[in-house]
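Per-entry structural report
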Amino acid sequence: MVATVLRLRFTTTKHQLQREWWRVLVLVGGAVWAASLLPSTWWASRALEQQNAGVRGDALAAISAILILGWVVVPVLITGLDDTLDPGRFSSLGVAPRSIMPGLTVSIFLTLPSAFFLIVLAMLAMSWRPDGSATLAVAFAWAALTHATMVLSARVSVAWTSRVLQSRRAREAALVAILLGALVATPVAYAVVAEGLDTILNIDVPALLEALRWTPIGLPVAAVSAAATGEWWSATWRLAASLAWILLLHGVWRANVAYTLVHPTYRGGGARARDDAILAAAKRSEAGRLRRPGSAQRAVASRARRYWFTDPRYLSGLVSVMVFPALFFTLVYPIFGSPVAVVVAVPVLLAGTIGWARHNDVAFDSTALWLDVVSGRLGREVMRGRVAATLAWAVPLVTVAGLAALGLAGRWDLAPAEFGAIAGVLGTSLGVSAMSAVALPYRAPAPGENPFSAEVGSVGAGFLAQVVSSISAWIVAVPVTLPLVAAIRWDARIGWLGLVLGLATGVGVLVVSTRWAGRLYDRKSGRLVTAVA
Amino acid sequence: MAPDSPAPALALRGLRKRFGATIAVDGLDLDIPSGSFYGIVGPNGAGKTTTLSMATGLLTPDAGTVLVHGIDLWKEPDRAKPTLGVLPDGLRTFDRLTGAELISYAGLLRGLAPAMVEERRDDLLAALDLDAVGRTLVADYSAGMTKKIALACALVHAPRVLVLDEPFEAVDPVSAKAIRRILQDFAATGGTVVMSSHVMALVERVCDHVAIVGHGRVLAYGTLEEVSGGLDLEERFVGLIGDTSERRDLTWLRQS
């Protein structure tokens, strides 16, 4: 069975590579980049070798913690994780977890990132050479155990996040996560402000590293340190304990695989009654009579708004654009402080992220967009409706971020420049995204699917679309931020020019490119369904 | 065609579509007379869904034209699409809307006034026996209910021609009867229904015209009597398509 599962995995990869030759380039590029990091790792290992065992142990404990944290967080944040062996795909075959687990376990270790980090850890383990071959052997055990923890934690974190997001409680879960994050981050931030960074680095960080040694993350490092001082009994039980931890992690993952095997993706759930919000919105706008947009555009906008606040794929997008500014304002700024230029740049960056994140907007409809296509030549209404739904939450969000930045920096005189740049960047990046979404759509996770998965075969086309849309967004967004730079540097009054320029460019580019995207939508309408299917 | 006869409700001329090495539709010609209830039958992979997708604006043909009451669909979608009601097969719906919202959405996209949308929405929900689930998300619907709500979306703007891909699939007998009655009324008052199916008995029962499609071409077409030629439609179908599979008994499947 191990051989069968592995063959399945490699055959799928082979077919993928045959179908999209690009993926070979991505793969080779990744491998070359990873290999280029190895010399510096070797150098770090040699540098550690010169240190005493205490410093070396602390350094390796910190490295283990950072690497494991990375493996837990990164796969959740980036889409396109290899899901060839998503256990959900086995659910119709009636296999027992017992028979596929060995194959799955072997296969998750046979990936490029896993191989790369195994080499890195082995190199770092070599830094224990001065302490004799027995200690070196324990150090290699550290490398193996940390590696296993990393790879397994990634699986566990992805499995549980997607399981939570697939449930009807996705929105509540996202809110709880944000609240918890704020609850943890805020006291830390204020402690840092109160005590000062030096105190933290000199007292709290060493205390943290000491505490880390008693957690599953630091246990293997502690074992090596113990071995170096000849405490073999202490080294042995620590290694045994971390082995037990890995078995526990594996058990948790296995439990999730077992759950997935008998709970295929099912999007139903409690039947909640709702009133017809689409029609209500249409009626409100009809009653308003204030330059009423076409009813089709209204309908698309209200439909898109529903998706923004109920679909896990959109919710996770919404949360992820807010992560960076939230971290900056609650953690980075209070701790490190920042020059004015950086503080006021954050909301502008947020605007750009929101805009650019919509570069595959159309594909998120999946094949449901047939309804928009058969209903007439509606490209312009469809694209305008989509943009309107994004603006409905993006405008308040960037406004709040802009006000927060100006308040923190204490530079209200920069307000016109700041809001000019925000409006310019939001408008231009949304405009570029609208065009890219129609011109270069690529497969997005289908409704109800794991929001973190990418359909097999999407990396190549997606890569092209991402590169093209991000480069174009940069090119058009940079000029509108120049007045902000000038206002900070020379005279805040330049900001008024920036406000006019930013608003004009943002609105202008958005209107023109949405119209263009709409026309392209109509021209391509007979190819869109197949492009996103 | 006699010069004074009205333009067919749907005329497919030389339609062609190729996916990589596979030719799905190979120069297909078909005229669907106005007011007919036309069944399109064919084996799996015959090109039925591809043909109907090209006939409704969902898939650009490699070659050929589609005329809806004489209007070229791919040249003048503004004029042709409003006269078409479409129910595709195997595509998703916006399932985070409720059934009622989905019908309203379809109606508003078609440019109907909100008051009219509301009236028709309630009529459709009642007629298709979806009253009880109108306020439930489409994601929570069964396959048959999803089919019915998509049919409601195809009907809401009162089109002249209905193009339905497998409209009865997964629908229970009671609902099927209701749908049949709605469609037959529609055809009786001058509307045109084109439906694909692979259930011969159903086609024989509801359609007055039929076309048999195989390998991306029309193999036989005309009124039901013309095509079946006194035979059972199923026999005629098997005769045209050929019982291609070599008969091999699955002896190991026998229980005793």
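Residues numbered from 1 in each chain as written. Chains lettered and ligands numbered in written order. Predicted model: local features only at pLDDT ≥ 70, side-chain atom pairs only at ≥ 80, totals over all residues. Heavy atoms only, no water.

A few words on the overall build of chain A. Across its full length, chain A holds 19 helices and zero strands. Put simply, 81% of the contacts in chain A that link residues at least 6 apart link residues at least 24 apart. With an accessible surface of roughly 24900 Å², chain A has 70% of that area assigned to carbon and sulfur atoms. (Helix = DSSP H or I, 4+ residues; strand = E, 2+ residues; numbered from the N terminus. Contact = heavy atoms within 4.5 Å. Areas by Shrake-Rupley, 256 points an atom, 1.4 Å probe, with all protein chains shown as cover.)

Residue and element names in this part refer to chain B. The residue Ala158 is not glycine, and still its phi comes out positive at about 50 degrees. If you trace the backbone, Ala158 turns up in the loop between helix 5 (143–155) and strand 7 (161–165). One non-glycine residue, Glu166, lies in the positive phi region at around 50 degrees. Its location among the elements puts Glu166 in the loop between strand 7 and helix 6 (173–188). Accessibility expressed as a relative area gives 8% for Glu166, which makes it buried. (Buried < 20%, exposed > 50% of the residue type's maximum accessible area, 1.4 Å probe, protein only.)

Our next topic: the nonpolar core. Judged by nonpolar contacts, the single largest core of 143 residues is most densely connected at A:Leu371, A:Tyr521, B:Leu10 and B:Tyr105. The element contributing the most residues to this core is helix 17 (residues 415–439) of chain A, with ten residues. Setting aside residues no more than four positions away along its own chain, B:Tyr105 makes contact with A:Ile278, A:Ala299, A:Val300, A:Arg303, A:Leu371, A:Asp372, B:Phe94 and B:Leu97. One finds A:Trp142, A:Ala154, A:Ile246 and A:Trp253 within the second-largest nonpolar core, a separate group that totals 48 residues. (Core = buried A, V, L, I, M, F, W, Y, C linked by side-chain atoms within 4.5 Å.)

Residue and element names in this part refer to chain B. Where helix 3 (residues 99–109) meets helix 5, the closest approach of the two axes is 8 Å, and the angle between their N-to-C directions is 25 degrees. Between helix 3 and helix 5, the interaxial angle falls into the category roughly parallel. In terms of crossing hand, the pair formed by helix 3 and helix 5 is right-handed. Taken together, the residues of helix 5 that come into contact with helix 3 (itself represented by Gly99, Leu102, Ile103 and Ala106) are Ile149, Ala152 and Cys153. Along the lines of polarity and charge, the residues of the contact of helix 3 with helix 5 split into six nonpolar, one polar and no charged. (Axes fitted to C-alpha atoms, helices over the stretch in contact; angles between N-to-C directions. Parallel < 35°, antiparallel > 145°, perpendicular 65-115°, else oblique. Left-handed = near helix turned anticlockwise from the far one by under 90°. Nonpolar A, V, L, I, M, F, W, Y, C, P; charged D, E, K, R; others polar.)

Of all residues in chain B, 96% have pLDDT values of 70 or greater, and the mean over the chain is 89. Interface confidence for the predicted complex, expressed as ipTM, amounts to 0.90; the pTM equals 0.74. (pLDDT = per-residue confidence, 0-100.)

Further remarks concern the sheet that holds strand 2 (residues 22–32) of chain B. All names here are of chain B. Spatial strand order, 2-1-4-5: four strands in an open sheet with antiparallel pairing. Every interior strand has two partners, whereas the edge strands, strand 2 and strand 5 (71–72), have only one. As paired elements, strand 1 (residues 10–19) and strand 2 share eight bridges and run antiparallel to each other. The residue of strand 2 that forms the bridge with Lys17 is Val25. Along the sheet face, helix 1 (residues 48–55) touches strand 1, strand 2 and strand 4 (63–68) and points at about 120 degrees away from the line of strand 1. (Pairing = 2+ DSSP bridges.)

A few words on the packing of helix 17 of chain A against helix 19 (residues 494–532) of chain A. Residues and elements named next belong to chain A. In the contact formed by helix 17 and helix 19, the axes pass within 7 Å of each other and the chain directions differ by 10 degrees. Put simply, helix 17 runs roughly parallel to helix 19. Residue classes in the contact of helix 17 with helix 19 are distributed as 20 nonpolar, eleven polar and one charged.

Below, the discussion takes up a positive patch on the surface. Residues and elements named next belong to chain A. A cluster of basic residues, Arg380, Arg384, Arg515, Arg519, Arg523 and Arg527, forms a positive patch on the protein surface. Of all the elements in the fold, those that place two or more residues in the positive patch are helix 16 (379–409) and helix 19. At four residues, helix 19 tops the list of elements feeding residues into the positive patch. (Patch = residues over 30% accessible without salt bridge, like charges linked within 9 Å, V, L, I, M, F, W, Y side chains within 5 Å. Salt bridge = Lys/Arg side-chain N within 4 Å of Asp/Glu carboxyl O. Lys, Arg positive; Asp, Glu negative; His and termini not counted. Charge placed at Lys NZ, Arg CZ, Asp CG, Glu CD.)

On the chain B side, the residues contacting the 48 residues of chain A number 41 residues. Summed over the three residues of chain A that lose the most area to chain B, namely A:Trp370, A:Val374 and A:Arg377, the buried surface amounts to 16% of that side. On inspection of chain A and its partner chain B, the count reaches six salt bridges. Connecting chain A to chain B are 20 residue pairs in polar contact (both at pLDDT 80 or more). Considering every element that reaches the side of chain A that touches chain B, the biggest residue donor is helix 12 (residues 295–310) of chain A, with eight residues. In terms of residue class, the side of chain A that touches chain B is built from 21 nonpolar, twelve polar and 15 charged. (Buried area = accessible area lost by both parts, 1.4 Å probe. Polar contact = N/O pair within 3.5 Å; in protein donor to acceptor, adjacent residues only side chain to side chain.)

Another point: the pattern of salt bridges. Using the criterion set out here, one finds 27 salt bridges over all chains in the structure. For B:Asp78, the salt bridge identified is with A:Arg377, shortest N-O distance 2.8 Å. Residue B:Asp78 is found in helix 2 (residues 77–80), and its partner A:Arg377 is found in the loop between helix 15 (370–374) and helix 16; the two belong to separate chains. A relative accessible area of 46% means that B:Asp78 is categorised as partly exposed. Overall, A:Arg377 belongs to the partly exposed group, its relative accessible area being 39%. The partner of B:Lys17 in a salt bridge is B:Asp62, and the shortest N-O contact between them spans 3.4 Å. Of the two residues, B:Lys17 is situated in strand 1 and B:Asp62 in the loop between helix 1 and strand 4; the sequence distance between them amounts to 45 residues. Under the relative-accessibility criterion, B:Lys17 is labelled buried at 11%.

Turning our attention to the packing of aromatic side chains. Taken as a whole and assessed by the stated rule, the structure comprises nine aromatic pairs over all chains. Their ring planes at 75 degrees and their centres at 5.0 Å tell us that A:Phe116 and A:Phe117 sit as a pair that is edge-to-face. Relative to B:Tyr105, the ring of B:Phe94 lies with its centre 5.6 Å away and its plane at 80 degrees, an arrangement referred to as edge-to-face. Here the residue B:Phe94 occupies a position in the loop between strand 6 (84–87) and helix 3, and B:Tyr105 occupies one in helix 3, the gap between them amounting to eleven residues. (Phe/Tyr/Trp six-rings, centres within 6.5 Å; stacked < 30°, edge-to-face > 60°.)

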